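Secondary and tertiary structure notes
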Amino acid sequence: MNLAERSALDWPDVIYSNFRRAGIRQVGYVPDAGLSRLIQLCQSDPEIADVVLTTEEEGIGLVAGAALGGQRSAMLMQSSGVGNCVNMFSLVKQCRLPCLIFVTMRGEYAEFNPWQVPMGSITDACLRLCGFLVYRIEKAEDVADVVAAACDISFDSNHSVAIILSQRLIGRKRWNN
Amino acid sequence: MLHRREFVKQLLVERGDLLVICGLGSPTYDVAAASDDGSNFYLWGAMGSASMVGLGLALARPDRRVAVFTGDGEMLMGLGSLATIGVKQPSNLAIVVLDNQHYGETGMQPSHTHSGISLVDVALGCCFKRARSFGKAEETPLAREMLYSRPGPLFIHAHVGAQELEQVLPERDGVILVHNFTERLRAFGKQS
């Protein structure tokens, strides 16, 4: 395995190490195949409360509650979940709370399921309209830098920040067709 | 049938260091009328999120009791959060639903609970440690004992009348509300 391949596999570990560095104590998520390794890492950490959600909008309430209690948190979701959250984003915007979300993309590079495309194609614009700073990551070697910077600006500046993990970074979903 | 403002007042009198998250609409006016202090956080929007804000706070501050006061309409919009709370089992979290069976802010249209949908059954199905309804004024001390003494997650369901009462309006600016709440929490921390 060459260095590029190894770092491609390690990006969830890189994000997790940034969670540790930033002192994130709560992680809310709706599962996505691309997030499974990162979710496992959070679940196995006794200092992180991992909160499985029935829908992504719950996570925005969780993030706000954690901030009120003085804890840092993050949210993990697939791009389809961004649409579920739109009105809830008003909570973190109106209250100027930090809101750090990691979005794994569907509906773009090599997508097999056409139903993923409508939301996937507006995820980035939707986040920007809702007041997020958006950082898109295409290459595994950019993960460490961008995630560290995103954590800093979100928590130091009380801002909503979304990190978009592109479908090319995550890899194609395998279908048996 | 309980008088909502009296019930909330009885729950919040001598509240100690109870932290309160309040869902939008009439519960805001009830909570503000009973005890408008910095340990209340009022949601004026983000309908359906009150219970989850309560969960995030309860997880962050296991040393404090957290009560979410909300209405039937707001609770119905976030039913999934009861399942999420059931998974985490926060022992310091109580959800108090003031159920008047109507959407009071929008013209008193009947809500789902008006047709017999049981929020208590949902909470029990979601593994809340204790969930029960209260409908008589003489039961209020029982509700109070549950809120302050029992391990959660707790679900306190209050059958309240659908009368419209005076709107007691607390602060609306989110940044100020966050500031007041976090400063109050910090001050409490220094005392203990």
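As shown above, the structure is provided for reference.
Residues numbered from 1 in each chain as written. Chains lettered and ligands numbered in written order. Predicted model: local features only at pLDDT ≥ 70, side-chain atom pairs only at ≥ 80, totals over all residues.

1. Some words on the interface of chain B and chain A
Interface size, as often reported, equals the accessible area lost upon joining of the parts. For clarity, the cut-off: Note on contacts: each residue gets a C-beta atom placed from the backbone, and two residues are in contact if those atoms are within 7 Å. Runs of E in the DSSP output that reach at least two residues are strands. Runs of H or I that reach at least four are helices, and both are numbered from the N terminus. In this classification, Asp, Glu, Lys and Arg are treated as charged, Ala, Val, Leu, Ile, Met, Phe, Trp, Tyr, Cys and Pro as nonpolar, and every other residue, Gly included, as polar.
Each partner contributes residues to the interface: chain B has 27 residues there, and chain A has 29 residues. Elements with a minimum of two residues in the side of chain B that touches chain A: helix 3 (50-60), helix 5 (79-88) and helix 8 (174-191) of chain B. Looking at the side of chain B that touches chain A residue by residue, the classes come out as 15 nonpolar, 10 polar and 2 charged.

2. Describing the sheet that holds strand 3 (residues 72-78) of chain A
Residues and elements named next belong to chain A. Filter applied, for reference: We treat two strands as partners when DSSP finds at least two bridges between them. Interaxial angles span 0 to 180 degrees and are taken between N-to-C directions of axes, which are lines fitted to C-alpha atoms, for helices over the stretch in contact.
An order of 2-1-3-4-6-5 is seen for the 6 strands of this open sheet, with the pairing classed as parallel. On the outer flanks of this sheet lie strand 2 (49-52) and strand 5 (133-137), each paired with one strand and no other. Ignoring which end each strand starts from, the neighbouring axes of this sheet average 20° apart. Summarising the sheet, strand 4 (residues 99-104) and strand 6 (residues 160-165) pair through 6 bridges and their orientation is parallel. Opposite Phe102, over in strand 6, you have Ile163 as the bridge partner.

3. As for unusual backbone geometry
All names here are of chain B. Put simply, the test is: Three exposure classes are used. Buried residues have 20 or more other C-beta atoms within 10 Å of their own C-beta, exposed residues have 12 or fewer, and partly exposed residues fall in between, all C-beta atoms being placed from the backbone.
Cis peptide bonds are those with omega within 30 degrees of zero, and the linkage from Gly152 to Pro153 qualifies with 5°. Here Ala46, not a glycine, exhibits a phi torsion of approximately 50°, which is positive. Tracing the chain through its elements places Ala46 in the loop between strand 2 (40-42) and helix 3. The phi angle at Cys127 is positive, at roughly 65°, despite the residue not being glycine. Within the element layout of this structure, Cys127 appears in the loop between helix 6 (119-125) and strand 7 (130-134). The class of Cys127 is partly exposed, set by 14 C-beta atoms lying within 10 Å.

4. Focus: the pairing of strand 4 of chain A
The two faces of the sheet receive side chains in turn, since in a regular strand these alternate between them. All names here are of chain A. Extensive coverage of strand 4 is indicated by the burial of 6 of its 6 residues. Here strand 4 shows two buried faces, one formed by Cys99, Ile101 and Val103 and the other by Leu100, Phe102 and Thr104. Judged from the 4 bridges that link them, strand 3 and strand 4 form a sheet pairing that is parallel. Counterpart to Met75 in the pairing with strand 4 is Ile101.

5. Topic: the environment of Lys93 of chain A
All names here are of chain A. Within the element layout of this structure, Lys93 appears in helix 5 (residues 89-94). On a C-alpha basis, the gap between Lys93 and Ser157 in space is 12 Å, while along the polypeptide they are 64 residues apart. Residues in contact with Lys93, not counting those within four places in the same chain, are Gly131 and Ser160.

6. With respect to the nonpolar core
Here is the rule we go by: In these notes, a nonpolar core means any group of buried Ala, Val, Leu, Ile, Met, Phe, Trp, Tyr and Cys residues linked to one another through C-beta atoms within 7 Å.
Counting residues in hydrophobic clusters, the biggest one holds 109 residues, and the most contacted among them are Val63, Ala64 and Val103 of chain A together with Val96 of chain B. Top contributing element to this core by residue count: helix 3 of chain B, with 8 residues. Setting aside its immediate chain neighbours within four residues, Val103 of chain A contacts Met77, Ser79, Val82, Thr123, Ala162, Ile163, Ile164 and Leu165 of chain A.

7. A few points about the sheet that holds strand 8 (residues 154-159) of chain B
All names here are of chain B. Reading across the sheet, the 6 strands line up as 2-1-3-4-8-7 and stay open at both edges, with parallel pairing between neighbours. One side of each edge strand has no neighbouring strand; the edge strands of this open sheet are strand 2 and strand 7. Direction aside, the axes of adjacent strands within the sheet are offset by 15° on average. Across 4 bridges, strand 1 (residues 19-22) lies against strand 3 (residues 66-71) in parallel orientation. The residue bridging Val20 from the neighbouring strand is Ala67, located in strand 3.

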